[in-house]
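Below are the chains, spelled out letter by letter.
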Amino acid sequence: MYDEIFAKEDPAKNNPRFWDELFLMKVNLEYLESKLESVNGEEVQRIQDNINSLFHHCVQALGEEHQIKVVNALQTLCALFRGVHQKNKSASGFDIINMLMGFDKAEQRMKDLMERLDSLLCGDSSESLKSLCLKLLLCLVTVTDNISQNTILEYVMINSIFEAILQILSDPSSRGQHGYDAVVLLALLVNYRKYESVNPYIVKLSIVDDEPTLDGMGVVLHQALTEYNRQYKDKEEENQGGFFSTLTSMVGSMFIADVDEKLSVQTNEAILLALYEAVHLNRNFITVLAQSHPEIDITVTPTTPTPTTPTTPLGTTPPSLDVMNNPELPLDPNLQTSNLLITFLKYASIVMQDTKDEHRLNSARLCLIILTCIAEDQYADAFLHDDNINFRVSLHKMPMRHRKKTPGKNIPSRPLVCAVLDLMVEFIVTHMMKEFPMDLYLRCVQIIHKLLCYQKKCRIRLHYTWRELWSAVINLLKFLLSNETALLAKHNIFHLALLVVNLFNMFITYGDTFLPTSNSYDELYYEIVRMHQVFDNLYCMVLRVSTNTGQWKEAASKVTHALVNIRAIINHFNPRIESYAAVNHISQLSEEQVLEVVRSNYDTLTLKLQDGLDQFERYSEQPKEAAFFKELVRSISLNVRKNVSLNTLSQDVLLKEFSTIS
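Residues numbered from 1 in each chain as written. Predicted model: local features only at pLDDT ≥ 70, side-chain atom pairs only at ≥ 80, totals over all residues. Heavy atoms only, no water.

1. Points about the overall build of the chain
In step 1: Check the secondary structure of the chain and you find 33 helices and 4 strands.
In step 2: By residue count, 56% of the 662 residues in the chain fall in the buried class.
In step 3: Here the chain has roughly 29800 Å² of accessible surface; of this, 51% comes from carbon and sulfur atoms. (Helix = DSSP H or I, 4+ residues; strand = E, 2+ residues; numbered from the N terminus. Buried < 20%, exposed > 50% of the residue type's maximum accessible area, 1.4 Å probe, protein only. Areas by Shrake-Rupley, 256 points an atom, 1.4 Å probe, with all protein chains shown as cover.)

Given below as structure tokens:
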């Protein structure tokens, strides 16, 4: 029957029941796609009417009561979209539309298609059919490498299925079955020509204020990230047991790289993109980050296999949502509650460990962009710093030669901002390497700065181990100095140095308003004086570069000016500490003795007031991040396309299900 469609004649000419019979038969996806791919240019013209007719009858069949016809029509449409695009990769969008449905009829055909898909998704049709509709839409959205070049999506913009997606997310039962596909579809649709025209999905997503819908989206994202974290934890435990672990501890850290390789679970950028779009576009979604869920290891497998989910690599599979559908959650007083933000921080702590591979680098960057949006949001900041809402957050840490692996059992319960700061410090300490991820470092330091600005503004005295942060960023300056030549060949290291120096300036100028105790302020001065050599070396370096003519002259001179108070502190306290040691005949002063000198010499210290320390540039996606998101969406599209291989849709299972219904 396919051969008849690919012949010149109208297949219904000799057999008026041709189309009826066609949709009663099992679709041969491979044959149909290969047929479409093998057609050459002239033949396309010859059989275009028949292809248009096939498309038209597929859309009509979606309205049939006979479920088998609907299943076969959905699968045929998938093959049509894929086959025509595969064959005509260089063709314009208009040519493809013309070949599929005829340009003059395209608007009506796509309107009918979208309306039928919408009613199938919102109606009481079977879960397998709804799943198949979403697979068709994912197939259509990802059929071109660059989503914005897929002209057919103009019709998906005009005939929106946004409400159908929201309905899936707001209903616990449909969310459990289709939530994952629904949020990925939404994330992709939001990225269609997002900078070139008004995208209705962006507009609609930004104004959703319906609580069950937003919560539903949060649950799906939370579950997908929890599943990833669980898979990683399982792999980690697998690697820690037995001979291999003993061997590694015997021969030191020779094998750390290999262990890391084994531990890499495939990242899930699609879910991260969905989380980003929700946080970035919708102010109301910020409240969802804080919704508490009991922390459950999701090891439950669905009781009935869902045939419509193809097998996918680790980390990309939609998780089983049975747990969230179960209203009887264990009411254990000792059970640690979690929320989307905590789960996201744990996820970030895993993907930010190893940024050598491109997918992980993209994931790490996206995690930091999401944290940037969170750090700029007043409501999120209030929640992060709320002293009444404390959590134990066990972040994953990179195995390193000079530190022992600490078990996460003794973690204190603290406001969530402490976990964000821990994550930033952990990244700063663990990524000083030859292939220096400058972009990620800049984002890390800016996130810390934004959190400090909030603490200063609201006078929040956070009980945090600030010394660890100071020590981490001083070591970062040390690294920049030691690798000046190699780094300058690729990066403007002065911009990063300026951000770090200004972090210290924030503490020096405003620390008395947000450091937990006066003792913390003394410790800040102690740390600056103790590590004065690093600041002295930095000053010499920036002075040298700023007095020579070169491309970094201006950038270096900004650092020179920013160092004025740090140098004043060092020049004020160092002679007094030396004189105290000489008078008391002590060669090596203890920390307490140095602190005593610091406390008794504050009065005579003169500092300059520096402007703008608590100001920052707010995050804006366009134009700075546009290229990153374009590439990210391309990579996600390719991955989704690979995973929506409809040949694995277990046709036999589907057909069996519907033949019993019929």
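2. As for the side chain of Thr151
In step 1: Checked against the element boundaries, Thr151 lands in the loop between helix H8 (127-141) and helix H9 (153-158).
In step 2: By relative accessible area, which is 13% here, Thr151 ends up buried.
In step 3: When near neighbours in sequence (up to four residues on either side) are disregarded, Thr151 contacts Gly93, Phe94, Ile97, Tyr192 and Arg193. (Contact = heavy atoms within 4.5 Å.)

3. A few points about unusual backbone geometry
With the exception of glycine, most residues fall at negative phi, and the peptide bonds are largely trans.
In step 1: For the peptide bond that leads from Gln622 to Pro623, omega is 5°, which places it in the cis range.
In step 2: Structurally, Pro623 can be placed in the loop between helix H31 (591-600) and helix H32 (626-643).
In step 3: Backbone geometry at Arg193 places phi at a positive 45°, although glycine is not the residue there.
In step 4: Mapped onto the fold, Arg193 is located in the loop between helix H11 (172-190) and helix H12 (200-207).
In step 5: Positive phi outside glycine occurs at Arg459, with the angle close to 50°.

4. Side note on the side chain of Gln610
In step 1: If you trace the backbone, Gln610 turns up in the loop between H31 and H32.
In step 2: When its relative accessible area of 13% is taken as the criterion, Gln610 is described as buried.
In step 3: Of note is the side chain of Gln610, whose polar atom sits 3.4 Å from the side chain of Asn505.
In step 4: Of the polar contacts made by the side chain of Gln610, one reaches the side chain of Asn565; its length is 3.5 Å.
In step 5: Apart from the residues lying within four places of it in its own chain, the contact partners of Gln610 are Asn505, Tyr510, His561, Ala562, Val564 and Asn565. (Polar contact = N/O pair within 3.5 Å; in protein donor to acceptor, adjacent residues only side chain to side chain.)

5. With respect to the pattern of salt bridges
In step 1: The full count for this structure, using the stated rule, is 33 salt bridges.
In step 2: Here Arg544 makes a salt bridge to Glu484, at a shortest N to O gap of 2.4 Å. Within this pair, whereas Arg544 is found in helix H28 (residues 532-547), its partner Glu484 is found in helix H25 (residues 484-488), the two being separated by 60 residues in sequence.
In step 3: On the accessibility criterion, Glu484 (16% relative accessible area) is buried.
In step 4: Three or more residues are tied together by salt bridges with common partners; here these are Arg467, Glu523, Glu527, Arg530 and Glu591. (Salt bridge = Lys/Arg side-chain N within 4 Å of Asp/Glu carboxyl O.)

6. Digging into the packing of aromatic side chains
In step 1: Counted under the stated rule, the structure contains 23 aromatic pairs.
In step 2: On the numbers, 5.0 Å between centres and 90° between planes, the contact of Phe18 with Trp19 is edge-to-face. Neither Phe18 nor Trp19 differs from the other in exposure class; each is buried.
In step 3: Taken together, the aromatic side chains of Tyr464, Trp466, Trp470, Phe507 and Phe514 make up a single cluster linked through ring pairs.
In step 4: One residue, Lys194, lies across the ring of Phe629, its end atom 5.3 Å from the ring centre.
In step 5: Sitting over the ring of Tyr539, Arg567 keeps its end group 3.6 Å from the ring centre. (Phe/Tyr/Trp six-rings, centres within 6.5 Å; stacked < 30°, edge-to-face > 60°. Lys NZ or Arg CZ within 6 Å of the ring centre and 35° of its normal.)

7. With respect to the nonpolar core
In step 1: Phe285 and Phe494 are the most contacted members of the largest nonpolar core, which has 226 residues in total.
In step 2: Ignoring any residue separated from it by four or fewer positions in sequence, one finds Phe494 in contact with Leu488, Met541, Val542, Val545, Trp552, Ala555, Ala556 and Val559. (Core = buried A, V, L, I, M, F, W, Y, C linked by side-chain atoms within 4.5 Å.)

8. Focus: the environment of Asp354
In step 1: You can see Asp354 is positioned in the loop between helix H19 (340-351) and helix H20 (358-376).
In step 2: Each C-alpha atom, one on Asp354 and one on Ala364, is 8.8 Å from the other, the two residues being 10 residues apart in sequence.
In step 3: Discounting residues that sit within four places of it in the chain, Asp354 has contacts with Arg360 and His431.
In step 4: A polar contact of 3.1 Å, which involves the side chain of Asp354, links it to the backbone nitrogen of Lys356.

9. Structural notes on the environment of Phe344
In step 1: Mapping Phe344 onto the fold places it in helix H19.
In step 2: Using a relative accessible area of 1% as the deciding quantity, one classes Phe344 as buried.
In step 3: Residues Phe344 and Leu272, 72 residues apart in the sequence, show an inter-C-alpha distance of 8.9 Å.
In step 4: Leaving out residues up to four positions away in the same chain, Phe344 has contacts with Leu225, Leu272, Leu275, Cys367, Ile370 and Leu371.

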